[in-house]
Amino acid sequence: QAECGFILLHDPSAREDLVPRAIKVRSVLQGSPRNPSCLSMSSTIFRYVMQEKKAILSADAGKDPLFQAAQSVQGSMIRTVLCSPIIDRGGEVLG
């Protein structure tokens with residue numbers, strides 16, 4: 001089961017390009033010491049998905065050749081990750 005999930009949307013008026021609009025953390029993690037690390041997000045993974053306009057699934061992002069050099073992946077100790085772009089009918093990435 002997933003520990004946490006995010007919906008991030010592009011917001012050009014915000015300081016950050018992607019703004020969290022929904023965050024869900026598995027209830028058994030609420031208040032646990034693992035909760036803060038679960039809320040870490042990798043900007044490298046998000047940028048890759050937004051640029052390529054395709055989803056990625058990685059069983060171990062820290063060892064994945066696409067992301068193993070990324071500090072945001074290594075620092076967050078991200079393992080299994082599924083990330084998919086939200087694309088409108090015109091092909092523009094919304095989040």
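To start, this report covers the structure provided alongside it. (Residues numbered from 1 in each chain as written. Predicted model: local features only at pLDDT ≥ 70, side-chain atom pairs only at ≥ 80, totals over all residues. Heavy atoms only, no water.)

Below, the discussion takes up the overall build of the protein. If you tally the helices and strands in the protein, you get 3 helices and 4 strands. In the protein, the succession of helices and strands from N to C terminus is β-β-α-α-β-α-β. Taken over 95 residues, the protein has a buried fraction of 33%. A sequence separation of at least 24 residues applies to 43% of the contacts in the protein between residues at least 6 apart. (Helix = DSSP H or I, 4+ residues; strand = E, 2+ residues; numbered from the N terminus. Buried < 20%, exposed > 50% of the residue type's maximum accessible area, 1.4 Å probe, protein only. Contact = heavy atoms within 4.5 Å.)

Looking at the secondary structure, you find Asp11 in the loop between strand 1 (4-10) and strand 2 (18-25). Assessed through its relative accessible area of 17%, Asp11 is described here as buried. There is a polar contact of 2.7 Å between the side chain of Asp11 and the side chain of Ser13. Excluding its chain neighbours within four sequence positions, the residues that come into contact with Asp11 are Glu16, Asp17, Val19 and Arg21. (Polar contact = N/O pair within 3.5 Å; in protein donor to acceptor, adjacent residues only side chain to side chain.)

On to a nonpolar patch on the surface, then. Taken together, the side chains of Ile7, Leu9, Ile86 and Leu94 present a nonpolar region at the surface, about 290 Å² in accessible area. Here Ile7 lies in strand 1. (Patch = residues over 30% accessible without salt bridge, like charges linked within 9 Å, V, L, I, M, F, W, Y side chains within 5 Å. Areas by Shrake-Rupley, 256 points an atom, 1.4 Å probe, with all protein chains shown as cover. Salt bridge = Lys/Arg side-chain N within 4 Å of Asp/Glu carboxyl O.)

This next bit is on the nonpolar core. With 15 residues, the main nonpolar core has Ile45, Ile56, Ala61, Val73, Val81 and Cys83 as its most contacted residues. Elements with a contribution of two residues or more to this core: helix 2 (43-52) and strand 4 (81-83). The element that contributes the greatest number of residues to this core is helix 2, accounting for 4 residues. Discounting residues that sit within four places of it in the chain, Ile56 has contacts with Ile45, Tyr48, Val49, Phe67, Val81, Leu82 and Cys83. (Core = buried A, V, L, I, M, F, W, Y, C linked by side-chain atoms within 4.5 Å.)

The full count for this structure, using the stated rule, is 1 salt bridge. The residue Arg21 makes a salt bridge to Asp11 at a minimum N-O spacing of 3.2 Å. Of this pair, Arg21 sits in strand 2 while Asp11 sits in the loop between strand 1 and strand 2, and the two are 10 residues apart along the sequence. Arg21 sits in the exposed class, given a relative accessible area of 51%.

Once that is clear, we can look at the side chain of Asp60. Mapped onto the elements of the fold, Asp60 is located in the loop between strand 3 (56-58) and helix 3 (71-76). Here Asp60 is in contact with Ile78 and Arg79, once residues within four sequence places are set aside.

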